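Below, each chain spelled out in residue letters.
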Amino acid sequence: MDGVDCKYRMHKNNLTNKLRITAAKESINAVERFLPHKDAISGLKFQNLNIAIAYFKNQKYFQASTIIIQYNLFNLLFNRLRRKIS
């Protein structure tokens, strides 16, 4: 296939931007139901990182930084970045 198959429109009211954060919040709520199980605690760290990344992608850098600092997600973030780059 040599032609353009589809286009991606980017604008500030794009649902993808809003739904990314909503989906991350819903995932956190789902995982919280299984607390205090140790796997839920681990899963919650991953979900908090997902919402921080969603905020970052939506250019909400302060919210992203706050979550990363509040939940001490630095190692998890660097590991994910390393995997993405490799």
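Let me begin by describing the structure that accompanies this report.

Reading the values: rules and limits
Residues numbered from 1 in each chain as written. Predicted model: local features only at pLDDT ≥ 70, side-chain atom pairs only at ≥ 80, totals over all residues. Heavy atoms only, no water. Helix = DSSP H or I, 4+ residues; strand = E, 2+ residues; numbered from the N terminus. Buried < 20%, exposed > 50% of the residue type's maximum accessible area, 1.4 Å probe, protein only. Contact = heavy atoms within 4.5 Å. Areas by Shrake-Rupley, 256 points an atom, 1.4 Å probe, with all protein chains shown as cover. Axes fitted to C-alpha atoms, helices over the stretch in contact; angles between N-to-C directions. Parallel < 35°, antiparallel > 145°, perpendicular 65-115°, else oblique. Left-handed = near helix turned anticlockwise from the far one by under 90°. Nonpolar A, V, L, I, M, F, W, Y, C, P; charged D, E, K, R; others polar. Core = buried A, V, L, I, M, F, W, Y, C linked by side-chain atoms within 4.5 Å. 1 Å grid on protein atoms, 1.4 Å probe; cavity = no way out; pocket = protein on both sides within 12 Å on 5 of 7 lines; lining within 4 Å. Points joined across faces, edges and corners; volume = space filled by probe spheres on them.

**Some words on the overall build of the protein**
In terms of regular secondary structure, the protein is built from four helices and zero strands. N-terminal to C-terminal, the α/β element order of the protein is α-α-α-α. When the 86 residues of the protein are sorted by exposure, 27% land in the buried category. Within the protein, residue pairs in contact and separated by at least 24 positions form 46% of the contacts whose partners lie at least 6 positions apart. Accessible surface computed for the protein: about 7,100 Å², of which carbon and sulfur atoms make up 57%.

**Some details on the packing of helix 2 (residues 38-57) against helix 4 (residues 74-85)**
Orientation of helix 2 relative to helix 4, taken along the N-to-C sense of each, is 70°, at an axis distance of 10 Å. With respect to each other, helix 2 and helix 4 are oriented roughly perpendicular. With respect to the hand of their crossing, helix 2 and helix 4 are arranged in right-handed fashion. Residues K45, F46, L49, N50 and I53 of helix 2 form the contact with helix 4, whose own contacting residues are L76, L77 and R80. In terms of residue class, the contact of helix 2 with helix 4 is built from five nonpolar, one polar and two charged.

**Things to note about the nonpolar core**
I51, Y55, I67, I68 and L73 are the most contacted members of the largest nonpolar core, which has 16 residues in total. Listed by contribution, the elements that provide at least two residues to this core are helix 1 (15-32), helix 2 and helix 3 (61-70). Here the element with the most residues in this core is helix 2; it accounts for seven residues. In contact with I51, other than residues within four places in its own chain, are I21, A24, K25, I28 and I67.

**Details of the environment of L49**
By secondary structure assignment, the location of L49 is in helix 2. Judged by its relative accessible area of 0%, L49 falls in the buried class. Those residues in contact with L49 that lie beyond four places of it in its chain are L73, L76, L77 and R80.

**Some remarks on the layout of surface pockets**
In this structure, the largest pocket encloses a volume near 180 Å³. Taken together, R20, N50, I53, A54, K57, L77, R80, L81 and K84 make up the full set of residues lining the largest pocket. When residues of the lining of the largest pocket are traced back to their parent elements, those giving at least two are helix 2 and helix 4. Across the lining of the largest pocket, the residue classes tally to four nonpolar, one polar and four charged.

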